[in-house]
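# Summary of structural features
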Amino acid sequence: YRAKTRGGGRHAFFDVELRKRVQRHMDLEQDLRHAVGRGQLWVAYQPVADLRTDRTVAVEGLLRWRHPVHGPISPAEFIPVAEETNLINSIGAHMLRSATHQLAVERERHHIDLMLNANLSPRQLDDPGLPGLVESALADSGLPARALCLEITEEAIMQDPAAAARVLETLRELGVSLAIDDFGTGYSSLAQIRRLPLDTLKIDRSFITDLSESNELRVIVTSIVTMAHAIGLDVVAEGVETAHQLAQLRTIGCDHVQGYYLSRPVPLDELLSSPLRLPAG
Ligand code: C2E
Ligand code: CA
Ligand code: CA
Ligand code: CA
């Protein structure tokens, strides 16, 4: 309605843009149904380093879609489509099975003790089949439960904290560890988080991006780390892009770092072909 009142030219522009977006959304929805079967989904891995040893201790698996017409499509775009269309459970299962298998194979081959971090969407958390899926992915791949960490966003947990707590307890009983992802973007309190069976807190990238320019952010990140440690959680800082941010996170006492400064998400064999440690400097 508002676009119309602005005159014909603008109206036509919005119309074309909107129609393009709706068309793309419909295309993706349609094509995503076949993406798993046609082998278009693959997992990229990004290292997580321990600041005490400067070594890579984990890799986060991040889904990628190689679309035959539209090219690479970001999970930020297709995961929401998968959630709307109920494809998330089959895509999530595929992701977990492939990633646990790949990690188990490479751990054996290279004699390394790398953990796998895998993301769960809010819809997967609601799926009663989730614990069974995790259990069978571990059994079939041979990956030990202690080598798997499941990441759940703060937002997903806060949609229904009591229900989330029950699912997390069940997952924990399988022997896997649990991380709260994108911390700081939702509205949870440490008092709520303290009651959940969590091992790790991942500070959202938005707090790290301007860390070097903002005293305020330094104070906020310091207090998140202090509070997380007080309730027994390890802290990962996401989105570390510079040596300066890394040095500040060391000073603050953050446990782990992840970000482009270490590596972009890449195929697992590429990641394992370079040294599993922080770049010098
Ligand atoms: P996330 O779990 O917060 O993953 C981190 C995202 O930040 C990744 O984006 C990663 O490529 C990006 N990133 C890492 N380091 C840096 C950095 O230094 N700078 C910048 N600018 N970005 C960095 P990606 O791979 O596009 O994934 C986006 C989101 O899609 C993920 O956010 C996650 O919520 C979701 N996602 C990815 N894979 C899966 C999956 O298998 N299942 C589910 N449910 N969600 C997934
Ligand atoms: Ca994550
Ligand atoms: Ca995150
Ligand atoms: Ca995120």
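Let us look at the structure shown here. (Residues numbered from 1 in each chain as written. Chains lettered and ligands numbered in written order. Predicted model: local features only at pLDDT ≥ 70, side-chain atom pairs only at ≥ 80, totals over all residues. Heavy atoms only, no water.)

## Things to note about the coordination of the calcium ion (ligand 2)
Coordination of the calcium ion (ligand 2) by the protein comes from Glu60 (OE), Asn119 (OD1), Glu151 (OE) and Asp181 (OD), over a distance range of 2.2 to 2.3 Å. Taken in sequence order, the residues that donate to the calcium ion (ligand 2) follow the motif E-x58-N-x31-E-x29-D. The metal-metal distance between the calcium ion (ligand 2) and the calcium ion (ligand 3) is 3.8 Å, with Asp181 serving as a donor to both. Of the two residues, Glu60 sits in strand 2 (residues 55–67) while Asp181 sits in strand 6 (residues 177–183), which places them 121 residues apart along the sequence. The residues Glu60 and Asp181 share a single accessibility class, namely buried. (Donors = N, O, S within 2.8 Å, 3.2 Å for Na, K, Ca; no water. Helix = DSSP H or I, 4+ residues; strand = E, 2+ residues; numbered from the N terminus. Buried < 20%, exposed > 50% of the residue type's maximum accessible area, 1.4 Å probe, protein only.)

## Quick word on the site of ligand 1
In the region of ligand 1, 23 residues are neighbours, and Gln46, Arg64, Asn119, Glu241 and Tyr260 sit closest. One nitrogen or oxygen atom from the side chain of Gln46 is found 3.0 Å from a nitrogen atom belonging to ligand 1. Between ligand 1 and the protein, one listed contact pairs an oxygen atom with a side-chain N or O atom of Glu60 at 3.2 Å. For ligand 1, the cavity whose grid points lie within 2 Å of the majority of its atoms is the largest pocket. Among the secondary structure elements, those contributing two or more residues to the shell around ligand 1 are strand 2, helix 3 (75–84), strand 4 (115–120) and strand 6. For the shell around ligand 1, the element with the highest residue contribution is strand 2, accounting for 4 residues. Broken down by class, the residue content of the shell around ligand 1 amounts to 9 nonpolar, 7 polar and 7 charged. (Near = heavy atom within 4 Å. Polar contact = N/O pair within 3.5 Å; in protein donor to acceptor, adjacent residues only side chain to side chain. 1 Å grid on protein atoms, 1.4 Å probe; cavity = no way out; pocket = protein on both sides within 12 Å on 5 of 7 lines; lining within 4 Å. Sits in = over half its atoms within 2 Å of the grid points. Nonpolar A, V, L, I, M, F, W, Y, C, P; charged D, E, K, R; others polar.)

## A short note on the coordination of the calcium ion (ligand 4)
Protein-derived ligands of the calcium ion (ligand 4) are Asp182 (OD) and Asp182 (OD), with the metal-ligand distances lying across 2.8 to 2.9 Å. Taken as a pair, the calcium ion (ligand 4) and the calcium ion (ligand 3) show a spacing of 3.6 Å, with Asp182 coordinating each metal. Tracing the backbone shows Asp182 in strand 6.

## Focus on the pairing of strand 8 (residues 234–237)
In this structure, strand 7 (residues 200–203) lies alongside strand 8, joined through 4 bridges in parallel fashion. Looking at strand 8, one finds that Ile203 is bridged to Ala237. Across 2 bridges, strand 8 lies against strand 9 (residues 256–258) in parallel orientation. Within strand 9, the residue paired with Val236 across the bridge is His256. Remark: the strand 8/helix 12 (residues 243–252)/strand 9 crossover connection has right-handed handedness. (Pairing = 2+ DSSP bridges. Right-handed = clockwise from strand over helix to strand, strands pointing away.)

## Description of the side chain of Ser121
By the secondary structure assignment, Ser121 is in the loop between strand 4 and helix 5 (122–126). Overall, Ser121 belongs to the buried group, its relative accessible area being 9%. At 3.0 Å, the side chain of Ser121 and the side chain of Glu83 are in polar contact. Residues in contact with Ser121, not counting those within four places in the same chain, are Glu83 and Ile88. (Contact = heavy atoms within 4.5 Å.)

## Brief notes about the packing of helix 4 (residues 88–110) against helix 6 (residues 130–141)
Across the interface, helix 4 lies against helix 6 with an axial gap of 9 Å and an inter-helix angle of 30°. When the interaxial angle is binned, helix 4 and helix 6 end up roughly parallel. Helix 6 is crossed by helix 4, and the crossing has right-handed handedness. Facing helix 4, whose interface residues are Ala93, Leu96, Arg97, Thr100, His101 and Ala104, helix 6 presents Leu133, Val134, Ser136, Ala137, Asp140 and Ser141. (Axes fitted to C-alpha atoms, helices over the stretch in contact; angles between N-to-C directions. Parallel < 35°, antiparallel > 145°, perpendicular 65-115°, else oblique. Left-handed = near helix turned anticlockwise from the far one by under 90°.)

## Looking at the environment of His256
Secondary-structure assignment places His256 in strand 9. Sequence separation of His256 and Glu238 is 18 residues, and the distance between their C-alpha atoms is 8.8 Å. Residues contacting His256, with those up to four places away along its chain left out, are Val48, Ala49, Asp50, Arg52, Val57, Asp234, Val235, Val236 and Ala237.

## Comments concerning the layout of surface pockets
Sizing a probe to match a water molecule and rolling it over the atoms shows the empty space that remains. Space inside the largest pocket adds up to approximately 1100 Å³. Lining the largest pocket are 38 residues; nearest its centre among them are Glu60, Leu62, Pro75, Asn119 and Asp181. Elements with a minimum of two residues in the lining of the largest pocket: strand 2, helix 3, helix 4, strand 4, helix 5, strand 5 (148–153) and strand 6. Of the residues that constitute the lining of the largest pocket, the class distribution is 16 nonpolar, 11 polar and 11 charged. (Points joined across faces, edges and corners; volume = space filled by probe spheres on them.)

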